[in-house]
Amino acid sequence: MMKPFLAMLALAGAAPAVAQGVSLHAFECGRLVQNDLGRFSDTFRFQGERRELVAGCFLIRHPKGMLLWDTGLTPDLIGATNGPAGMSLKQSIPDRLKALGLTPAQITYVGISHHHADHTGGAKDFSDAELLIGKGDLDALKAMKPDDRAPAQLTHWLTGQGKVTPVTGDKDVFGDGSVIMLAMPGHTPGHSALLVKLASGYVLLSGDEYHFRENRAANGVPTFNWNRADTLASHKRFEEIAANLKARVVIQHDARDLGELPAFPAALK
């Protein structure tokens, strides 16, 4: 198992060098209306509140390749009138990438923060890419029924047709410390966040460590999380990393956080 990233920094005695040419593009991969936020905290804090969440997706461009982090809702929702209640999608990821002159075949890695269907929905369009997913989540997917939404989006990899790396601990994606999958179990058994080192500083992408700013402030644990104790331990690790590295935190489901990043196709560098 790879050493936790902060331990790696301590052993090195300094932060890793910034890889030249690393950039981060952010874009919306769907919307999810939540009519009652009560289930997002097991202390009943947000009962009765309504909010529209976004599914944030991120493209990290690196001299050694490109990582697509999370893939939002399924493109089957585009134009659909009978899809799951409260879920909508206007544009597929491949169509968005056209603005950058990119095709799905050019994506090196698809990184999945966790196995829930609002993060795996667009993965099937990137069958040439290597799938990076926490081992705990990969094991959970293999135990699900094939007609469940999450494994259905990842069938290509689950059936051995595509290359998949089950990630244990932290993973240095490009080998230079600039893009690190961080083990943050709790929401799911193999949940991960993503740390990106840009010339402008660190960016910490939440996965579903938190779903909106107020729940981060409340240290909230959703009722549907896999393990409460692991969630709280991961909250603590997430916050210490953010503080120690002065990282910009992006809560992937919060439209306010996505809205403060450069509007696609512009990039944060």
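Small disclaimer: the values here were computed from a predicted structure and weren't measured.

Chemist: Hey, could you run me through helix α4 (residues 135-143) in this one?
Modeler: Structurally, the α-helix is built with 3.6 residues per turn, so residues lying three or four positions apart point the same way. Restricting attention to buried positions, one finds in α4 the residues Asp137, Leu138 and Leu141. Buried residues of α4, viewed axially, fall in a sector of 100°; they line one side. Exposed residues lying more than 90 degrees from the buried face of α4 are Lys142 and Ala143. Where α4 is buried, its residues contact β6 (130-134), α5 (149-153), α6 (155-158) and β7 (164-167).

Chemist: Before we go on, may I ask you to explain the pairing of β6 in this structure?
Modeler: The two faces of a sheet get side chains in turn, since along a regular strand they alternate between them. For β6, the tally of buried residues reaches five of five residues, placing the bulk of the element in the interior. The alternating pattern of β6 places Glu130, Leu132 and Gly134 and Leu131 and Ile133 on opposite faces, both of which are buried. Two elements, strand β5 (residues 109-112) and β6, share four bridges in a ladder whose sense is parallel. Pairing of Ile112 across the sheet is with Ile133, part of β6. Where β6 lies against β7, four bridges are found, and the strand directions are parallel. Residue pairing across strands places Ile133 opposite Pro166, the latter belonging to β7.

Chemist: Just checking my understanding: could you explain the environment of Lys163 for this structure?
Modeler: Looking at where Lys163 falls in the secondary structure, it is placed in the loop between α6 and β7. Taking the C-alpha atoms as reference points, Lys163 and Leu131, 32 residues apart in sequence, are found 6.3 Å from one another. Apart from the residues lying within four places of it in its own chain, the contact partners of Lys163 are Ala129, Glu130, Leu131 and Trp157.

Chemist: Before we go on, may I ask you to explain the sheet that holds strand β11 (residues 201-205) in this structure?
Modeler: Strand pairing in a sheet relies on backbone hydrogen bonds, with the paired strands running either antiparallel or parallel. The mixed open sheet is built from five strands, whose spatial order is β8-β9-β10-β11-β12. Single-partner strands in this sheet number two, and they are β8 (171-172) and β12 (248-250). Here β11 runs beside β12; their pairing, made up of three bridges, is parallel. Bridge assignment links Leu205 to a residue of β12, and that residue is Val250. Strand contacts of helix α8 (residues 228-244): β9 (179-183), β10 (192-198), β11 and β12, with the helix running at about 160° to β11, the strand carrying the most contacts.

Chemist: Which parts of the structure should I look at to understand the sheet that holds strand β3 (residues 65-69)?
Modeler: With respect to topology, seven strands assemble into an open sheet ordered β4-β1-β2-β3-β5-β6-β7, the strand pairing being mixed. Edge positions in the sheet fall to β4 (87-88) and β7, since each has one partner strand and no second. Most of the contacts of α4 go to β6, to which it runs at about 100°, and overall it touches β6 and β7.

Chemist: Looking at this structure, I do not really get the pattern of salt bridges. What am I missing?
Modeler: Side-chain pairs of opposite charge can arise where the charged atoms are in close proximity. Scanning all chains against the criterion turns up 15 salt bridges. Here Arg228 makes a salt bridge to Asp42, at a shortest N to O gap of 2.6 Å. Of this pair, Arg228 sits in helix α8 while Asp42 sits in the loop between β1 (23-34) and β2 (51-62), and the two are 186 residues apart along the sequence. On the accessibility criterion, Arg228 (43% relative accessible area) is partly exposed. A salt bridge links Asp170 to Arg237, with the nearest nitrogen and oxygen atoms 2.8 Å apart. One end of the pair, Asp170, is in the loop between β7 and β8; the other, Arg237, is in helix α8, and 67 residues separate them in sequence. A relative accessible area of 19% places Arg237 in the buried class. Residues joined in a network through salt bridges with shared partners are Arg51, Glu214, Asp254 and Arg256.

What counts and how
Residues numbered from 1 in each chain as written. Predicted model: local features only at pLDDT ≥ 70, side-chain atom pairs only at ≥ 80, totals over all residues. Heavy atoms only, no water. Buried < 20%, exposed > 50% of the residue type's maximum accessible area, 1.4 Å probe, protein only. Helix = DSSP H or I, 4+ residues; strand = E, 2+ residues; numbered from the N terminus. Arc of directions from axis to C-beta. Contact = heavy atoms within 4.5 Å. Pairing = 2+ DSSP bridges. Axes fitted to C-alpha atoms, helices over the stretch in contact; angles between N-to-C directions. Salt bridge = Lys/Arg side-chain N within 4 Å of Asp/Glu carboxyl O.

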